[in-house]
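Per-entry structural report
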Amino acid sequence: MKQDSQASKVYVELRRKILSNQLSAGSRLKEDAWAKKMEVSRISVREALTRLLGEELIVFGEKGGYFVKSLTAQDVKEIRQMRQIFEIGALRLILQNRDPQVITKLEEICDDFSTMIQRGYLGGACEADIKFHETLIASAGNEKLKMLYQVSNIPLFHQKLGQAQSHMDDYELTDTEHRQILEAIKANDLDSAEALLNKHLLRGEAAVLEGVDW
């Protein structure tokens, strides 16, 4: 396997584990350990870590080494505000474009989310939650919006939310809210979609602030 392919493989795996809370804030990411675990070169791991550093999902420690980034309560509030701006903007573009494939993708993600909940696989549900919102952004068809979303610490909001959501009821409510947003998109009802998304994001912020020790 070529080095760039190896680096991409490591990047995808580490990013997935960070966002699904399998690698929690403050966790150290050792090059040699991940090289051995994923059967790739240390150079490939370093390239993946550099990419994650650029996305601000990890930080370089004062004494060296890479660590999963932590968020403050103020970070959470500001990220929620950014998400409202980005995701509502994405909703408007989605409704303008009226691409039926977007509806299909979101329906599949909602179904995956429901399946994960039914099986009690909360890690998988967390990943599906991330995918729902990233699909909203990707479906807007604006690459600059997508890039800003990825590099603005927004993904770490999901990690904090994953830490806070410890009960099945939390995930079931998220499932309901996702489907309500989807139904508003299907109906081409921008006002309802915006209101539902705002409510969903505000609840997520409240859950994070109340459910995580700072």
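Each value, and the rule that gives it
Going along each chain's sequence as written, the residues are numbered from 1 onward. Whole-chain, interface and lining totals are the exception, using all residues; otherwise, since this is a predicted model, local features are given only for residues with pLDDT of at least 70 and side-chain atom pairs are given and counted only at 80 or more. Here the side-chain values reflect all heavy atoms present in the structure, with hydrogen atoms and water set aside. At least two DSSP bridges between two strands are required for those strands to pair. Numbering goes from the N terminus for both helices and strands, where a helix is a DSSP run of H or I of at least four residues and a strand is a run of E of at least two. Under this scheme, a helix contributes an axis fitted over its contacting stretch, all axes are lines through C-alpha atoms, and angles between N-to-C directions fall in the 0 to 180 degree range. Here the angle decides the label: under 35 degrees means roughly parallel, over 145 means roughly antiparallel, 65 to 115 means roughly perpendicular, and every other value means oblique. Rotating anticlockwise by less than a right angle from the far helix to the near helix defines a left-handed crossing, while the corresponding clockwise rotation defines a right-handed one. Throughout, a contact is declared for two residues whenever any of their heavy atoms are within 4.5 Å. Under the scheme applied here, ten amino acids are nonpolar (Ala, Val, Leu, Ile, Met, Phe, Trp, Tyr, Cys and Pro), four are charged (Asp, Glu, Lys and Arg), and all others, including Gly, are polar. The term salt bridge refers to a side-chain nitrogen of Lys or Arg lying within 4 Å of a carboxyl oxygen of Asp or Glu. Burial classification: accessible surface area is computed with a 1.4 Å probe over protein chains only, and a residue below 20% of its type maximum counts as buried, one above 50% as exposed, and the rest as partly exposed. In this analysis, rings of Phe, Tyr and Trp, with Trp reduced to its six-membered ring, are considered paired at centre separations within 6.5 Å, and the interplanar angle assigns stacked below 30 degrees, edge-to-face beyond 60, and tilted for intermediate values. Charge-over-ring placement is defined geometrically: NZ (Lys) or CZ (Arg) within 6 Å of the ring centre, and within 35 degrees of the ring normal.

1. Structural notes on the sheet that holds strand 1 (residues 28-29)
Sheet strands associate in pairs through backbone hydrogen bonding, adopting either a parallel or an antiparallel arrangement. Ordered by their spatial adjacency, three strands build an open sheet running 1-3-2, and the pairing between neighbours is antiparallel. The sheet terminates laterally at strand 1 and strand 2 (58-60), the two strands that pair on one side only. Here strand 1 pairs with strand 3 (residues 66-68) via two bridges, running antiparallel. Following the sheet pairing, Leu 29 is matched in strand 3 by Tyr 66.

2. Some points on the packing of helix 5 (residues 100-118) against helix 6 (residues 122-138)
The contact between helix 5 and helix 6 brings their axes to 8 Å, and the two run at 165°. Here helix 6 runs roughly antiparallel to helix 5, going by the angle between their axes. Considering the relative orientation of helix 5 and helix 6, their crossing is left-handed. Along the contact surface, helix 5 presents Lys 105, Leu 106, Ile 109, Cys 110, Phe 113, Met 116 and Ile 117, while helix 6 presents Gly 124, Ala 125, Ala 128, Asp 129, Lys 131, Phe 132, Thr 135 and Leu 136. Looking at the contact of helix 5 with helix 6 residue by residue, the class counts come to 10 nonpolar, two polar and three charged.

3. Things to note about the pattern of salt bridges
Within the structure shown, the criterion is met by 16 salt bridges. Residues Glu 87 and Arg 83 are paired through a salt bridge, measuring 2.9 Å at the closest nitrogen-oxygen approach. With Glu 87 and Arg 83 both in helix 4 (residues 73-97) and four residues apart, this pair spans about one turn of that helix. Residue Glu 87 shares its accessibility class with Arg 83, and that shared class is buried. Here Lys 186 ties to Glu 107 by a salt bridge, and the two come within 2.6 Å at their closest N and O atoms. Of this pair, Lys 186 sits in helix 9 (residues 168-186) while Glu 107 sits in helix 5, and the two are 79 residues apart along the sequence.

4. So, the packing of aromatic side chains
Counted under the stated rule, the structure contains three aromatic pairs. Between Phe 113 and Tyr 171 the ring centres are 6.4 Å apart and the planes differ by 40°, which places this aromatic pair in the tilted class. One end of the pair, Phe 113, is in helix 5; the other, Tyr 171, is in helix 9, with 58 residues separating them in the sequence. Each member of the pair, Phe 113 as well as Tyr 171, carries the same accessibility label: buried. Between the NZ or CZ atom of Arg 51 and the centre of the ring of Tyr 11, over which it lies, the distance is 3.6 Å.

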